[in-house]
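# Breakdown of the fold
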Amino acid sequence: MLDLKMYINGEWRDSRSGEKRDIINPANGEVIAQAAEGTVEDAKEAIQVAKDTFESGVWSDLPAEERASYLYKIADKIEENAEELARLEVMDNGKPLREAEFDMADAAACFRYYAGLINKPEGVTYQVSDPVQSIVVKEPIGVCGLIVPWNYPMLMTVWKVAPALAAGNTIVYKPSEITPVTPTKLFEMMEEVGIPKGVVNMVMGPGATVGNAIAESHDVDLVSFTGGTVTGRKIMQAATGNIKKLSLELGGKSPNIIFADADFEVAVDYALFGIFCGTGQVCAAGSRILVEESIYDKFVDRFVERAKKIKVGPGLDPETEMGPLVSEQHMEKVLGYIESGKEEGAKLVCGGNRITENGLDKGYFVEPTVFVDVTPDMKIVREEIFGPVVVIQKFKDEQDAIRIANDTDYGLAGAVFTQDGAKALRVIKKVRAGITWVNTFHNTYNEAPWGGYKQSGTGRALGTWGLDTYQETKQININLEVEPIGWFKN
Ligand code: NAD
């Protein structure tokens, strides 16, 4: 059994309250670890440490190249331990091993990307009319509060920690209270490579107390949050006290638009991948499939035929294609959405049940679930379910597809399947979302900006945009002719 502690000022600590939380394997309900259940006081201490450490300059004053060298070492460590990390991710989150292996490779690559980016020139010089040299420099923001969800415990952490560290900030980080295992390993690795004490601090515990303490602290200069839109709204409110910088990566209800001229089997294949990969617990999941009416019935038949064949099971079983939901509580929430779909009159054409056969009764498994005959006001059409539940809607033409696609409060992602290149571009340009795909789904690159329109958030992760999130911009104006200005005569 793992005993997970918080990491504050270079020390591994239990919570001040002494309380622990059981960390559950969602494939079988077994306790795999006990984690310190942090308190507001723990969070406040970590924030003070991060503030003092930032002001000491021990990290922010290091030459960028030296900071980069630490980041490269962390990437190496992730790679060296990738097998163990991937297995732990599966035991904590439930995802199939293959998905966890991708996550670890992406995590190492993300550290390398930001290590490579930080020592590239990025200042700007302006020609101005005065005898002044005007230059613009980037500086770290200060103390960064980083709060992440449970669906990609390692990767979401790295998307924040790597650019924040590269830019020279200090960190107070909080994992999801239900998936702290691989984040703890990451902090162990950061200690091993010699990141100075006080630069990276990890507190654990509930969002409403520990997370909120980070969001409202006047000593935290930026909060970078990934999680649900409801929580994002609370964080935005808590952050007003000191006008914190905010980066919010929130939920989605992303449309996947399939035209009759698409390669049919390719479209079905990606539509399955779009929703059922990660058991639907992916912010960019294609949870609304929009299909042109002339191929609608054929598409639904084929999609359901294949969805029924998806192998659901424990993530460590090499045969498994889709794992359990992350927790019993989340499974109940997803099953509740399925009930609401039925009650509101949608037609269930696939799945809809918890799976308890073949030794899966102790885990939180739900069948791939498909609804048709939905109306735009139904909860299953409007709200993010974050599970293996999809609605398939019919559209008449391009304009109709765009209208349905944009009929949502969210704007994270969207996809179009067609063999007509001009149509693809016409439609995707009209989809109000930050991440879009044509004839593909879920591609994510360290180089490309990640983030949403509308209530899917504000700011962008990854790429140069992701580094910018963790930097302030300063103008420096240097007088080249040092004489009195003479504005006042006497
Ligand atoms: P959540 O919002 O419940 O929790 C996320 C984190 O916020 C957790 O660490 C939690 O402890 C903390 N938290 C909760 N209440 C808080 C508060 N009042 N103040 C401060 N922190 C608080 O989300 P979740 O259920 O863990 O994750 C699922 C959500 O994450 C989905 O909505 C999904 O779309 C979203 N997500 C978005 C992206 C993206 O890139 N846009 C990526 C992954 C997940």
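The structure this text deals with has already been given above.
Reading the values: the criteria
- Residues numbered from 1 in each chain as written.
- Predicted model: local features only at pLDDT ≥ 70, side-chain atom pairs only at ≥ 80, totals over all residues.
- Heavy atoms only, no water.
- Helix = DSSP H or I, 4+ residues; strand = E, 2+ residues; numbered from the N terminus.
- Rg over C-alpha atoms; globule rule 2.2 N^0.38 Å.
- Buried < 20%, exposed > 50% of the residue type's maximum accessible area, 1.4 Å probe, protein only.
- Areas by Shrake-Rupley, 256 points an atom, 1.4 Å probe, with all protein chains shown as cover.
- Lys, Arg positive; Asp, Glu negative; His and termini not counted.
- Charge placed at Lys NZ, Arg CZ, Asp CG, Glu CD.
- Pairing = 2+ DSSP bridges.
- Right-handed = clockwise from strand over helix to strand, strands pointing away.
- Patch = residues over 30% accessible without salt bridge, like charges linked within 9 Å, V, L, I, M, F, W, Y side chains within 5 Å.
- Salt bridge = Lys/Arg side-chain N within 4 Å of Asp/Glu carboxyl O.
- Contact = heavy atoms within 4.5 Å.
- Phe/Tyr/Trp six-rings, centres within 6.5 Å; stacked < 30°, edge-to-face > 60°.

## Description of the overall build of the protein
Within the protein, the regular secondary structure consists of 15 helices and 21 strands. A compact globule built from 490 residues should have a C-alpha radius of gyration of about 23 Å, and the protein, at 24 Å, falls within 12% of that. Along the longest, intermediate and shortest principal axes, the C-alpha atoms of the protein span 85 × 55 × 40 Å. For the protein, with 490 residues in total, the buried portion stands at 55%. Of the roughly 20900 Å² of accessible surface on the protein, 49% is carried by carbon and sulfur atoms. Averaging the positions of the 51 positive and the 72 negative side-chain charges in the protein gives two centres separated by 4 Å.

## Focus: the pairing of strand E11 (residues 222–226)
Counted residue by residue, E11 has 5 buried out of 5 residues, so it is predominantly covered. What you see with E11 is no split at all: Leu-222, Ser-224 and Thr-226 on one side and Val-223 and Phe-225 on the other are buried throughout. Looking at chain direction, strand E8 (residues 143–147) and E11 are connected through 4 bridges and run parallel. By the bridge assignment, Leu-146 is partnered in E11 with Ser-224. One ladder, built from 5 bridges, connects E11 with strand E12 (residues 245–249); its direction is parallel. Bridge pairing in E12 links Leu-222 to Lys-245. For the crossover that starts at E11, traverses helix H8 (residues 229–238) and ends in the parallel E12, the hand is right-handed.

## Looking at a nonpolar patch on the surface
Together, Val-124, Tyr-126 and Val-128 line one region of the surface with nonpolar side chains, adding up to about 250 Å² of accessible area. On the secondary structure map, Val-128 appears in the loop between strand E6 (124–127) and strand E7 (132–140).

## Observations concerning the environment of Gly-29
Here Gly-29 shows up in the loop between strand E4 (20–24) and strand E5 (31–36). Look at Gly-29 and you get partly exposed, because its relative accessible area is 28%. In this structure, the C-alpha to C-alpha distance between Gly-29 and Asp-42, residues 13 residues apart in sequence, is 29 Å. Beyond its immediate chain neighbours, meaning those up to four positions away, Gly-29 contacts Ile-24, Lys-362 and Tyr-364.

## Things to note about the pattern of salt bridges
Here the structure, examined in full by the defined rule, presents 29 salt bridges. With a closest N to O distance of 2.7 Å, Asp-103 and Lys-95 form a salt bridge. Among the ionic contacts, a cluster of salt bridges with common partners joins Glu-11, Arg-13, Arg-16, Asp-42 and Glu-45.

## A word on the packing of aromatic side chains
Under the definition given, this model contains 14 aromatic pairs. Between Phe-299 and Phe-303 the ring centres are 5.8 Å apart and the planes differ by 20°, which places this aromatic pair in the stacked class. Of this pair, Phe-299 and Phe-303 both sit in helix H10 (residues 296–307), 4 residues apart, roughly one helical turn. Residue Phe-299 is classed as buried on the basis of its relative accessible area, which comes to 0%. Centroid distance Trp-437 to Phe-441: 4.7 Å. Interplanar angle 40°. Geometry classified as tilted. One exposure class covers both Trp-437 and Phe-441, and it is buried. Counting every residue linked through ring pairs, the aromatic cluster contains Tyr-7, Trp-12, Tyr-173 and Phe-187.

## Examining unusual backbone geometry
Backbone geometry at Asn-358 places phi at a positive 50°, although glycine is not the residue there. Looking at Asn-358, the relative accessible area reads 79%, which means it is exposed. The backbone phi angle of Lys-454 is positive, close to 45°, even though this residue is not glycine. When you line up the elements, Lys-454 lands in the loop between strand E19 (435–438) and strand E20 (457–458).

Everything listed is a geometric property; what it means functionally is a separate question.
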